[in-house]
Amino acid sequence: MKKLLLLLTLLIGFSSYSQNEGKIIESKLICKTVDEFTDKVSVSTVESVILYEDGGDMKSEGVFGMLFLSEKKGKIEPSSLYMKFLGIKGCVDEGSTLDIIFENGEKTQLVNWKKFNCEGKNYFSLVGKEDLFKSSKIKGIKYTNKRNYDTMIVKTNMNEKGSSYIMNTLLELDKINNGEVSVGVCKK
């Protein structure tokens, strides 16, 4: 009886495995949009992240972030980390900094390459730092406005989504570029 049960368990396990073998799952984090007029395909993240400033009012003081993607030579890669800081004093400019502390103790700094604007919009490049972002969740961030040195810190208010957003997206891109995961069409 025990041998029959073991054989039945193994058969069910192999049957389930063989049904999924060869099927590539669709990404839940990245999707593509096709322009119906030009047939141009663009890729984007499905989600964004909202974080609130430590000690802020939890409504108007925080940051909205989104990783912009681009497709080059059949590979999808991050093009810019877009962050819009709300509640920061004054206009922002090229050269403002984003200091990042990771849970593994490592640190890095990103520099805004976007020219002067009064909407709090910043664009950061991750080039050369992708492995750092893939290896550990973010523990905290500190933004410094170059124009007036006003700062915004998000550490005690760092949530799980904010902590793992970039890491999860970059790891998903690796799976897509390796053919393990496919990119579906964005839902409207």
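It should be noted that the structure appears before, not after, this text.
Described below are features of the structure shown in this document. (Residues numbered from 1 in each chain as written. Predicted model: local features only at pLDDT ≥ 70, side-chain atom pairs only at ≥ 80, totals over all residues. Heavy atoms only, no water.)

In this section: the sheet that holds strand S9 (residues 138–144). Within a sheet, each strand pairs with its neighbour through backbone hydrogen bonds, oriented either parallel or antiparallel. A sheet is described by the order of its strands in space; here four strands give the open sequence S7-S6-S9-S10, paired in antiparallel fashion. Of all the strands in the sheet, the pair left with one neighbour each is strand S7 (107–111) and strand S10 (151–154). Adjacent strand axes in the sheet meet at a mean angle of 15°, parallel and antiparallel pairs treated alike. Bridge analysis of strand S6 (residues 97–102) against S7 gives five bridges, and the strand direction is antiparallel. The partner of Thr97 across the bridge, within S7, is Val111. (Pairing = 2+ DSSP bridges. Helix = DSSP H or I, 4+ residues; strand = E, 2+ residues; numbered from the N terminus. Axes fitted to C-alpha atoms, helices over the stretch in contact; angles between N-to-C directions.)

The next point concerns the pairing of S10. Along S10, the buried face is formed by Met152 and Val154; none of Thr151 and Ile153, which line the opposite face, is buried. Of the strand pairs in this sheet, S9 and S10 are connected by four bridges, and their pairing is antiparallel. Each bridged residue has a counterpart across the sheet, and for Lys142 the counterpart in S10 is Ile153. (Buried < 20%, exposed > 50% of the residue type's maximum accessible area, 1.4 Å probe, protein only.)

For the rest of this paragraph, the subject is unusual backbone geometry. A positive phi is found at Asp39, a non-glycine position, where the angle reads about 65°. Positionally, Asp39 belongs in the loop between strand S1 (25–34) and strand S2 (41–45). The class of Asp39 is exposed, set by a relative accessible area of 56%.

On to the side chain of Asp150. Inspection of the secondary structure puts Asp150 in the loop between S9 and S10. Comment: no salt bridge for buried Asp150; closest opposite-charge side chain is Lys89, at 4.5 Å. The contact partners of Asp150, leaving out residues within four places of it in the chain, are Gly87, Ile88, Lys89, Tyr143, Thr144 and Asn145. (Lys, Arg positive; Asp, Glu negative; His and termini not counted. Salt bridge = Lys/Arg side-chain N within 4 Å of Asp/Glu carboxyl O. Contact = heavy atoms within 4.5 Å.)

In this section: the side chain of Asn112. Assignment of secondary structure puts Asn112 in the loop between S7 and strand S8 (121–124). Side-chain polar atoms of Asn112 contact the backbone oxygen of Asp93, separated by 3.0 Å. Leave out the neighbours within four places in its chain, and Asn112 touches Asp93, Glu94, Gly95, Ser96, Lys121, Asn122, Tyr123 and Phe124. (Polar contact = N/O pair within 3.5 Å; in protein donor to acceptor, adjacent residues only side chain to side chain.)

A word on the state of the cysteines. By definition, a disulfide links two cysteine residues through a covalent bond between their sulfur atoms. The tally for this structure, following the rule as stated, stands at two disulfides. Between Cys31 and Cys186 runs a disulfide, and the two sulfur atoms are separated by 1.9 Å. Judged by the torsion about the S-S bond (90°), the Cys31/Cys186 disulfide is right-handed. Taken as a pair, Cys31 in strand S1 and Cys186 in the segment after strand S11 (181–185) lie far apart in primary sequence, 155 residues in all. A residue is classified by how much of its surface remains accessible, and Cys31, at 9% relative accessible area, is buried. At a sulfur-sulfur separation of 1.8 Å, the disulfide partner of Cys91 is Cys118. Measuring handedness by torsion sign, the sulfur bridge of Cys91 and Cys118 sits at about 85° and is right-handed. (Disulfide = S-S within 2.5 Å.)

Counting 34 residues, the largest nonpolar core has Leu98, Phe133 and Ile141 as its most contacted members. It is helix H3 (residues 160–177) that provides the largest number of residues to this core, a total of five residues. With residues near it in sequence (within four places) discarded, Ile141 still touches Leu51, Val63, Met83, Leu98, Asp99, Ile100, Met152, Ile153, Val154 and Met158. (Core = buried A, V, L, I, M, F, W, Y, C linked by side-chain atoms within 4.5 Å.)

Next up on the list: the pairing of strand S3 (residues 49–52). The side chains of a regular strand alternate, residue by residue, between the two faces of the sheet. Only one face of S3 is buried, namely the one carrying Val49 and Leu51, since none of Ile50 and Tyr52 on the opposite face is buried. Relative to strand S4 (residues 62–72), S3 runs antiparallel, the two being bridged by four bridges. Considered in S4, the bridge of Val49 is made with Gly65.

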